[in-house]
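Okay, here's what each chain looks like letter by letter:
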Amino acid sequence: NRKEITAFTREMAAVLGAAIPIPLALESLGAEEENPALRAVVVQISESVRKGVAMSAALEEQPRLFSKLYVSMVRVGEEAGVLPQVMTDLAALLEHEDEVRGEVVAAVSYPVFVLGFGLFTVTILLTVVLPQLSSMLQEMLQVLPLPTLILLKISGGLHRHWPWLLLGLVGLIAGLRWYGRTPPGALAWDRAKLRLPLIGSVFHAAALSRFARTLGTLVKSGVTLLPALKIVEHTIGNLVLARLIARVADETRGGDSLATPLRKLGIFPRTVIQMINVGEETGRLDEMLLKVADIEERQMRARTKTLVSL
């Protein structure tokens, strides 16, 4: 899982920082790995490296475990001769993402549990309890309020047709999941997430934070801007914003700075664009991008707390 890959990256950075050769570092980490599946992967990577394959190329053969971002940063570290430092930066990036994801999951777990339990309870009341009480209320039907009569009608319908309703619900969920895996469905779902009231701003801030932190880490590690933007396009996690970043990359290729296309597309607030512009002018783009990521993450945390309170 993600945390095991993060731990492996941190351990690899520490071992390489001690000037241990890559094949020996991989062998030692593979021997100590408790997860047999991950151990097999690390041993396979070690064998490939011993045969003369670059570590980045060996990692690229495991796309399910090591993303394009991961492989690209390792490749840059190999080419620049600073692999230990790049692995340290990569481990810090992965650890930060795990921390933020853990905070969000922890924040929403209790409200989601309460909501789910409430829906379950209401379903049991409507399909089991109220139908048994309806016979007792038959004599009172003429004097019952309209909302109560409506509730009893709904309860009776659910009680009689619940197998078909359940089958229809399962079919609907399966159909939506299938559609969500198609390119148009995935695009529509990502667009809908950004437009949701209240929670849409959380998705937006999370994606922009990931964009800024990933791009800042790549630039800091020595990846040039255009390849870095292409990597971020595939790792931002939202197809709508990924298309906007592709447009940013195209305009940057034409000679524009990063701040100019971002200002045109309105992805970031004006103050953030100014920070990125200053970073480009002073040669500290990586630092400014990481500061932007911190700003967006703080907003995401604040909005998440508001949602949990609601």
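Relevant structure appears above.
Residues numbered from 1 in each chain as written. Predicted model: local features only at pLDDT ≥ 70, side-chain atom pairs only at ≥ 80, totals over all residues. Heavy atoms only, no water.

**Some thoughts on the side chain of K193**
Then comes step 1: Relative to the helices and strands, K193 resides in helix α8 (residues 183-195).
Then comes step 2: For K193, a relative accessible area of 15% corresponds to the buried category.
Then comes step 3: If near-sequence neighbours (up to four positions away) are discounted, K193 is found in contact with G200, F203 and N238. (Helix = DSSP H or I, 4+ residues; strand = E, 2+ residues; numbered from the N terminus. Buried < 20%, exposed > 50% of the residue type's maximum accessible area, 1.4 Å probe, protein only. Contact = heavy atoms within 4.5 Å.)

**Some points on the nonpolar core**
Then comes step 1: Ranked by internal contacts, the top residues of the largest apolar core, which has 64 residues, are F66, Y70, M87, F211, L262, F268 and I276.
Then comes step 2: A total of 7 residues in this core trace back to one element, the largest contributor, which is helix α11 (residues 239-253).
Then comes step 3: Setting aside residues up to four positions removed in sequence, F268 forms contacts with L208, F211, L262, I273, I276, V292 and E296.
Then comes step 4: Listed in part, the 5 residues of the second largest apolar core include V100, V202, A205 and A206. (Core = buried A, V, L, I, M, F, W, Y, C linked by side-chain atoms within 4.5 Å.)

**Observations concerning the environment of Y70**
Then comes step 1: Mapped onto the elements, Y70 comes out in helix α5 (residues 68-80).
Then comes step 2: Those residues in contact with Y70 that sit more than four places away from it in its chain are I5, F8, T9, L59, M87, L90 and L94.

**Digging into the layout of surface pockets**
Then comes step 1: For the largest pocket, the calculated volume is near 830 Å³.
Then comes step 2: In terms of lining, the largest pocket is formed by 29 residues, of which the most central are V104, V202, F203, M300 and T304.
Then comes step 3: Taken together, the elements giving at least two residues each to the lining of the largest pocket come down to α6 (83-137), α9 (199-221) and α14 (285-309).
Then comes step 4: The element contributing the most residues to the lining of the largest pocket is α6, with 10 residues.
Then comes step 5: Across the lining of the largest pocket, the residue classes break down as 17 nonpolar, 6 polar and 6 charged.
Then comes step 6: Its boundaries defined by the atoms lining it, the second largest pocket holds a volume of some 450 Å³.
Then comes step 7: For the lining of the second largest pocket, the residue count by class is 7 nonpolar, 6 polar and 5 charged. (1 Å grid on protein atoms, 1.4 Å probe; cavity = no way out; pocket = protein on both sides within 12 Å on 5 of 7 lines; lining within 4 Å. Points joined across faces, edges and corners; volume = space filled by probe spheres on them. Nonpolar A, V, L, I, M, F, W, Y, C, P; charged D, E, K, R; others polar.)

**Looking at unusual backbone geometry**
Then comes step 1: A positive phi angle, close to 65°, is found at A19, a residue other than glycine.
Then comes step 2: Checked against the element boundaries, A19 lands in the loop between α1 (2-17) and α2 (22-32).

Keep in mind these numbers describe shape, not what the thing actually does.
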